[in-house]
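# Topology and contacts: notes
One letter stands for each residue in the lines below.
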Amino acid sequence: MAKMIVLYEQPKNLEAFEKYYFDVHIPLVQQIPGIQSVSIHRVKQSLYTNRELYLVVEIVFDHLEALNQGMATAEGEAVQNDPKNFIEFLHSPPAIYIVE
């Protein structure tokens, strides 16, 4: 199993971020070929960090090759290019981690 984990800090415009993220971005993500599941978690508490995390998103694929193949498709590229449309609602870009 391979996962893409995306960490979002508290948005500067919460309402605008949530509207765009859940109405536009997540439906784009769900179109990426090879995705097994998408989980979105709201951070309620953080320990031992100064970061104000807001969302942790997990996008699960069968294996790393499936993740790479999915992200190389037109749908994957659309998702990778989409943050420019909601970055204005954030203080900083999301951190993205690929894990196995």
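Before reading on, note that the structure itself is shown above.
Residues numbered from 1 in each chain as written. Predicted model: local features only at pLDDT ≥ 70, side-chain atom pairs only at ≥ 80, totals over all residues. Heavy atoms only, no water.

### Focus on the overall build of the protein chain
Looking only at helices and strands, the protein chain features three helices and four strands. Counting helices and strands in the order they occur from the N terminus, the protein chain gives β-α-β-β-α-α-β. Along the three orthogonal principal directions, the C-alpha set of the protein chain runs to about 35 × 30 × 15 Å. Each of the 100 residues in the protein chain was classed as buried or not, and the buried ones make up 36%. Sequence-distant contacts in the protein chain: of pairs separated by 6 or more residues, those separated by 24 or more amount to 76%. Carbon together with sulfur atoms contributes 50% to the accessible area of the protein chain, which is approximately 6100 Å² in total. (Helix = DSSP H or I, 4+ residues; strand = E, 2+ residues; numbered from the N terminus. Buried < 20%, exposed > 50% of the residue type's maximum accessible area, 1.4 Å probe, protein only. Contact = heavy atoms within 4.5 Å. Areas by Shrake-Rupley, 256 points an atom, 1.4 Å probe, with all protein chains shown as cover.)

### What to know about the layout of surface pockets
Roughly 200 Å³ of internal volume is contained in the largest pocket. Taken together, 15 residues form the lining of the largest pocket, with M4, V6, H25, V79 and I96 sitting closest to its centre. Looking at the lining of the largest pocket, the elements that each hand over two or more residues are β1 (2-9), α1 (14-29), β3 (53-61) and α3 (74-81). For the lining of the largest pocket, the per-class residue count stands at 13 nonpolar, two polar and no charged. (1 Å grid on protein atoms, 1.4 Å probe; cavity = no way out; pocket = protein on both sides within 12 Å on 5 of 7 lines; lining within 4 Å. Points joined across faces, edges and corners; volume = space filled by probe spheres on them. Nonpolar A, V, L, I, M, F, W, Y, C, P; charged D, E, K, R; others polar.)

### Description of the environment of T49
Among the structural elements, T49 can be located in the loop between β2 (35-42) and β3. Here R51 takes part through its backbone nitrogen, which lies 3.1 Å from a polar atom of the side chain of T49. (Polar contact = N/O pair within 3.5 Å; in protein donor to acceptor, adjacent residues only side chain to side chain.)

### Description of the packing of aromatic side chains
Summed over all chains, the structure comprises nine aromatic pairs. Seen from their ring centres, F17 and F86 are 5.8 Å apart, and the 70° between their planes marks the pair as edge-to-face. Here F17, found in helix α1, pairs with F86, found in the loop between α3 and β4 (95-99); they are 69 residues apart in sequence, far enough to count as distant. On the basis of relative accessibility, which here comes to 0%, the residue F17 falls in the buried class. F86 sits in the buried class, given a relative accessible area of 0%. Seen in terms of ring centroids, Y21 and F86 are 5.8 Å apart; in terms of plane orientation they differ by 85°. Their pairing is edge-to-face. Placement of the pair is Y21 in helix α1 and F86 in the loop between α3 and β4, with a sequence separation of 65 residues. F86 carries the same exposure label as Y21, and that label is buried. A connected cluster of aromatic rings, assembled from ring pairs, spans Y8, F17, Y20, Y21, F22, Y54 and F86. (Phe/Tyr/Trp six-rings, centres within 6.5 Å; stacked < 30°, edge-to-face > 60°.)

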